[in-house]
Amino acid sequence: MKAISIGLLGLGTVGSGVVQIINNHQDKLMHQVGCPVKIKKILVKNIDKARDFEIDRNMLTLSADEIIDDPEIDVVIEVMGGVESTKEYLLRAIRNKKHIITANKDLMALYGSELLEEATHNGCDLFYEASVAGGIPILRGLVDGLASDRITKMMGIVNGTTNFILTKMSKYGSPYEEVLTEAQQLGYAESDPTADVEGLDAARKMAILATLGFSMKIDLSDVSVKGITSITKEDLDYSKRLGYTMKLIGIASRTDEKVEVSVQPTLLPEAHPLANVNDEYNAVYVYGEAVGETMFYGPGAGSLPTATSVVSDLVMTMKNMRLGVNGRSAAAPQFEKCLKKPDEVYSKYFLRLHVKDEVGVFAKITTLFAKHSVSFEKILQLPIKEKDSAEIVLVTHRASLQDYENILNQLKDNALVHNIKSTYRVEGDEA
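Residues numbered from 1 in each chain as written. Predicted model: local features only at pLDDT ≥ 70, side-chain atom pairs only at ≥ 80, totals over all residues. Heavy atoms only, no water.

All right, on to the overall build of the protein then. Counting its regular elements, the protein contains 14 helices and 17 strands. Taken over the C-alpha atoms alone, the protein extends approximately 85 × 45 × 35 Å along its principal axes. For the protein, with 431 residues in total, the buried portion stands at 53%. Summarising the internal contacts of the protein: among those between residues at least 6 apart in sequence, 73% fall at separations of at least 24. When the accessible surface of the protein is summed, it comes to about 19,300 Å², and 49% of that surface belongs to carbon and sulfur atoms. In the protein, the 48 positive side-chain charges and the 59 negative ones have mean positions that sit 1 Å from each other. (Helix = DSSP H or I, 4+ residues; strand = E, 2+ residues; numbered from the N terminus. Buried < 20%, exposed > 50% of the residue type's maximum accessible area, 1.4 Å probe, protein only. Contact = heavy atoms within 4.5 Å. Areas by Shrake-Rupley, 256 points an atom, 1.4 Å probe, with all protein chains shown as cover. Lys, Arg positive; Asp, Glu negative; His and termini not counted. Charge placed at Lys NZ, Arg CZ, Asp CG, Glu CD.)

Rendered as structure tokens:
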């Protein structure tokens, strides 16, 4: 039986895991697809670099052309990252009739539609399970496992770095900068952590999830994004006091044919399953009209967990090769994109204010909320050290984003309000 030949673009953390799984699981792969699997060439930046596992130097190359233009290579696995040059490599590989597996969420969030269209046109598979939530099979769960259902909402922790940081801040009261440094030392955060802590990494993943879950082309620019850099110890303490846990949550919801996609720090009831997903772990909560509520949970990053998703895609590609059905799995979006307007997005909100400490202030603030038909679910009113000031912490009942933003604008202009300290979305308790 002819072996299936693999070309690997990249030999970093994930690439190393892919090599080890393919080498160590040959019997499993042979059983799954009925033929041997071999890695022929691997693109690296430095052939002489010391590696913590054995690799044949003759397999290593500094030229992507040796993989892209090799007629014997059937499948190209891309785990090197990057966007523009990587996109051109993959387009060339597809036009050379090579199947593609990628773990590159940046690439798929920006150019996924173009690459999938090209792959379909050339009769090639393009799978990208590892681009979202590492070792969790969430994409295949949506496309295959829940194919017969209508997904109404996806809500999840899809960035392990920020979840690690918030877990440490919440549990131990550690300051943000200290935990960020620890995350960098452990390899959870990059030396430049902007994409993680500002929510951009999670936003790219939510664009991919929403596109698949709603069969609607959602672009990165459609995702409303807020990161974790402004979260304070006081915010976390008050959250806990009110019975909530703070997480960076990606939300994609659909009502009729209108959708909303966002990433932002969010308060969850302590009993909610996502509230108990800690450290670098990821989880995605999926609501379907038929299945109800399901949750996908597991390691969101790391060499072997992510490589497991890559090799699972490889197995699917090889099965399709044996059946002669490559290039038929990508379905064009079924629905035209239709985003919710602010008056169609509903949620509860946490708000922390510093106000004048005098009689009647709270009543006046309550009146302002009442004018917009927004009521309170939970309230704390506390004295603070600042002279003539008091702190009000409240959680609203469900309100439209439009009404809430109007209230915030009026509070900013109100002489009774010294400062809007913080505000966050509250999810997971629909009562």
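Time to look at the packing of aromatic side chains. The tally for this structure, following the rule as stated, stands at seven aromatic pairs. On the numbers, 4.1 Å between centres and 5 degrees between planes, the contact of Tyr349 with Tyr404 is stacked. Within this pair, whereas Tyr349 is found in strand E13 (residues 346–356), its partner Tyr404 is found in helix H14 (residues 401–412), the two being separated by 55 residues in sequence. The same class applies to Tyr349 and to Tyr404, which are both buried. With centroids separated by 4.8 Å and ring planes inclined at 70 degrees, the aromatic side chains of Phe369 and Phe376 adopt a geometry described as edge-to-face. Among the residues examined, Phe369 registers a relative accessible area of 0% and is labelled buried. Members of the aromatic cluster, each reached through a chain of ring pairs, are Phe362, Phe369 and Phe376. Between the NZ or CZ atom of Arg140 and the centre of the ring of Phe127, over which it lies, the distance is 5.8 Å. Here Lys153 stacks its cationic end above the ring of Tyr287, 5.7 Å away from the centre of that ring. (Phe/Tyr/Trp six-rings, centres within 6.5 Å; stacked < 30°, edge-to-face > 60°. Lys NZ or Arg CZ within 6 Å of the ring centre and 35° of its normal.)

Another point: the sheet that holds strand E6 (residues 126–127). The strands making up a sheet are joined through hydrogen bonds of the backbone, oriented either antiparallel or parallel. Across the sheet, six strands lie side by side as E3-E2-E1-E4-E5-E6; this open sheet has parallel pairing. Either end of the sheet is taken by a strand with one partner, and the two such strands are strand E3 (60–61) and E6. Here helix H4 (residues 84–95) sits on the sheet and contacts strand E1 (4–9), strand E4 (75–78), strand E5 (99–102) and E6; the angle it forms with E4, its principal contact strand, is near 170 degrees. (Pairing = 2+ DSSP bridges. Axes fitted to C-alpha atoms, helices over the stretch in contact; angles between N-to-C directions.)

Moving on, we come to the UniProt feature "binding site: NADPH" (unreviewed entry) in the protein. Per the UniProt entry, the sites bearing "binding site: NADPH" (unreviewed entry) are Lys105 in this numbering. The topology assignment puts Lys105 in helix H5 (residues 105–121). Lys105 sits in the partly exposed class, given a relative accessible area of 22%. (UniProt positions renumbered as here; feature names shortened; annotations may be inferred.)

Structurally, the position occupied by Leu62 is in the loop between E3 and helix H3 (65–68). Taking the relative accessible area as the measure of exposure, Leu62 reaches 55% and is therefore exposed. Residues Leu62 and Lys41, 21 residues apart in the sequence, show an inter-C-alpha distance of 10 Å. Ignoring any residue separated from it by four or fewer positions in sequence, one finds Leu62 in contact with Leu43, Val44, Lys45, Asn46 and Ile47.

In this structure, the largest pocket spans a volume of roughly 1,400 Å³. The wall of the largest pocket is formed by 45 residues, among which Thr13, Val14, Val79, Lys105 and Glu190 lie closest to the centre. For the lining of the largest pocket, the secondary structure elements donating two or more residues are helix H1 (13–24), H5, helix H7 (160–172), helix H9 (194–197) and helix H10 (200–214). Looking at the lining of the largest pocket, its residues break down into 15 nonpolar, 17 polar and 13 charged. The wall of the second largest pocket is formed by 41 residues, among which Tyr128, Val143, Leu212, Ala330 and Ala331 lie closest to the centre. (1 Å grid on protein atoms, 1.4 Å probe; cavity = no way out; pocket = protein on both sides within 12 Å on 5 of 7 lines; lining within 4 Å. Points joined across faces, edges and corners; volume = space filled by probe spheres on them. Nonpolar A, V, L, I, M, F, W, Y, C, P; charged D, E, K, R; others polar.)

Summed over all chains, the structure comprises 28 salt bridges. Between Asp74 and Lys2 there is a salt bridge; the shortest N-O distance is 3.7 Å. Here the residue Asp74 occupies a position in the loop between H3 and E4, and Lys2 occupies one in the segment before E1, the gap between them amounting to 72 residues. When its relative accessible area of 15% is taken as the criterion, Asp74 is described as buried. Here Asp48 makes a salt bridge to Arg57, at a shortest N to O gap of 2.8 Å. Salt bridges here are not isolated pairs; linked through shared partners, they connect Lys153, Glu260, Arg425 and Glu427. (Salt bridge = Lys/Arg side-chain N within 4 Å of Asp/Glu carboxyl O.)

Bringing the nonpolar core into the picture now. Leu126, Ile138, Ile165, Leu209, Val286 and Phe350 are the most contacted members of the largest nonpolar core, which has 76 residues in total. Ranked by residue count, the leading element in this core is H10, at eight residues. Within the second largest apolar cluster, 31 residues are counted, among which are Ile6, Leu8, Met59 and Leu60. (Core = buried A, V, L, I, M, F, W, Y, C linked by side-chain atoms within 4.5 Å.)

Let's shift gears to helix H13 (residues 361–371). Residues of H13 that are buried: Val361, Ile365, Leu368 and Phe369. Seen end-on, H13 carries its buried residues on one side only, within an arc spanning 95 degrees. Opposite the buried face of H13, by more than 90 degrees, sit the exposed residues Ala370 and Lys371. Elements that come into contact with the buried residues of H13 comprise E13, strand E14 (376–383), strand E15 (389–396), H14 and strand E17 (417–426). (Arc of directions from axis to C-beta.)

This next bit is on the environment of Asn46. Here Asn46 shows up in the loop between strand E2 (37–43) and E3. For Asn46, a relative accessible area of 39% puts it in the partly exposed group. On a C-alpha basis, the gap between Asn46 and Leu11 in space is 9.9 Å, while along the polypeptide they are 35 residues apart. Setting aside residues up to four positions removed in sequence, Asn46 forms contacts with Arg51 and Leu62. Among the polar contacts listed, one links the side chain of Asn46 to the backbone nitrogen of Asp48, at a separation of 2.9 Å. (Polar contact = N/O pair within 3.5 Å; in protein donor to acceptor, adjacent residues only side chain to side chain.)

Further remarks concern the UniProt feature "binding site: L-homoserine" (unreviewed entry) in the protein. Per the UniProt record, the feature "binding site: L-homoserine" (unreviewed entry) sits at Glu190. You can see Glu190 is positioned in the loop between helix H8 (176–185) and H9. On the accessibility criterion, Glu190 (55% relative accessible area) is exposed.

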